[in-house]
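Geometric and topological summary
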Amino acid sequence: MVRSMTGYGRGENTANDCHFVVEIKAVNHRYNDITIKLPRFMNGMEDVIRKRIMKEIARGKTDVYITFETFSVDNVIVKVNEPLAMAYIEKLNELEQKFHVSSNNKLDLVARFADVITVERAESEEDALWSALLPALEEALLKFVEMREKEGNNLVKDILKKTDNIQQMLEEITQRCPTVVSDYKEKLQNRIRELLTTVEIDEQRIAMETALFADRSCIDEEVTRLESHIIQLKEILQKGGQIGRKLDFLVQEMNREVNTIASKANDVEITCTTIEMKSEIEKIREQIQNIE
């Protein structure tokens, strides 16, 4: 199965008084770059989460967002920094004496100061957190992979269609090749007649020049290699898997052969056809950048 590198998946689960939401987003990237954003108290679990994700993702820029919510007061610890609160109260008393004002709500005021009252997540067993998180992660990965495979299937259809277009144009070039040499010979004879009306044409010399032209413009090897590349491309797409880099290299080779055909053919029709082929190859190359 061919997969696109772009995708999105979301999963959520509630267990052990914990509610997890996992979102996975990915775009094209040359390498496998995974960024995981999760609650700070879960930093110790990042490695196991990353390993699970990497089993499904081989390439792409992937962002994973994990959010957490608790429904139990046992999972929350409220801490009061009493020395800090006392210091604030003492300073407030000094201000009252200095400016001759009084206040009856010092406690309410002090409680609003930073770091006086803090809320922390109570320590939980990692196994309990993982058992609550895993179903959400699996659901997100399942939807994420499904979307990648669906887009990958669409990419394969489009690439195969463009490949068939290239193959058809290559057949047109192959059919055109035999007439190129005969056309050159006829043009050469006509040109000589125009320039040397009183001199007899040396047919042996014409044949030699035609043979040299045929040798210089011969594209049999390039056509054979290009046909082989087309077959390989279709086979790789059919096989599936992590094929993005293979296809990228193969398309470069196809483009190289088409360039050589264009430079050697010495024929306007063939040159125009190669331009269309290069356009299709470039479209295929752009699509391949989306394949894992």
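Residues numbered from 1 in each chain as written. Predicted model: local features only at pLDDT ≥ 70, side-chain atom pairs only at ≥ 80, totals over all residues. Heavy atoms only, no water.

1. Focus on the overall build of the chain
As a reminder, the rule being used: Labels follow the DSSP assignment, with helices taken as runs of H or I lasting at least four residues and strands as runs of E lasting at least two, numbered in each case from the N terminus. Only protein chains enter the accessibility calculation, which uses a 1.4 Å probe. A residue is then buried if its area is under 20% of the maximum for its type, exposed if over 50%, and partly exposed in between. Should any heavy atoms of two residues lie within 4.5 Å, those residues are counted as being in contact. Note on areas: Shrake-Rupley, 1.4 Å probe, and residue coverage restricted to the protein chains presented here.
Secondary structure summary: the chain contains eight helices and six strands in total. Burial statistics for the chain: of 292 residues in total, 35% are counted as buried. Here the analysis covers contacts within the chain between residues at least 6 apart in sequence; of these, 79% occur between residues at least 24 apart. Surface summary for the chain: the accessible area is close to 17,900 Å², and the carbon and sulfur share equals 51%.

2. Quick notes on the sheet that holds strand S4 (residues 60–70)
To keep it simple, the criterion reads: Paired strands, in this sense, are two strands between which DSSP finds at least two bridges. Comment: axis = line fitted to C-alpha atoms, over the contacting stretch for helices; angle = value between 0 and 180 degrees taken between N-to-C directions.
Read across the sheet, four strands follow the order S1-S2-S4-S3 without closing on themselves; strand pairing throughout is mixed. Every other strand in the sheet has two partners, leaving strand S1 (7–15) and strand S3 (32–37) as the edge strands with one partner each. Averaged over all neighbouring strand pairs, the angle between strand axes comes to 10°, with direction disregarded. Examined bridge by bridge, S3 and S4 share six bridges and lie parallel to one another. Across the sheet, the residue bridging to Ile36 is Val64, located in S4.

3. Comments concerning the pairing of S4
To be explicit about the condition: With its strands directed away from the observer, a crossover is right-handed exactly when the path from the first strand over the helix to the second travels clockwise.
Looking at chain direction, strand S2 (residues 18–27) and S4 are connected through 10 bridges and run antiparallel. When the sheet's bridge partners are listed, Lys25 is paired in S4 with Asp63. The handedness of the S3 to S4 crossover, carried by helix H1 (residues 46–54), is left-handed.

4. Things to note about H1
Rules: By definition, the arc is the one covered by directions from the helix axis to the C-beta atoms.
Among the residues of H1, those classed as buried are Ile49, Arg52 and Ile53. Seen along its axis, H1 keeps its buried residues to an arc of 100°; they face one direction.

5. Quick word on the nonpolar core
Cut-off, in case you're wondering: To form a nonpolar core, buried Ala, Val, Leu, Ile, Met, Phe, Trp, Tyr and Cys residues must be joined to one another through side-chain atoms within 4.5 Å.
If you look at the biggest cluster of nonpolar residues, it comprises 30 residues, and the most contacted ones within it are Leu226, Leu233, Leu247 and Met277. Contributions of two or more residues to this core are made by helix H4 (126–195), helix H6 (220–239), helix H7 (244–265) and helix H8 (268–288). Broken down by element, this core gets its largest block of residues, eight residues, from H4. Sequence-distant contacts of Leu226, defined by excluding residues within four places in its chain, comprise Leu170, Met254, Glu257, Val258, Ile261 and Met277. Ranked by size, the runner-up nonpolar core spans 24 residues in total, among them Leu38, Ile53, Ile66 and Leu137.

None of the figures reported here should be taken as evidence of function without further support.
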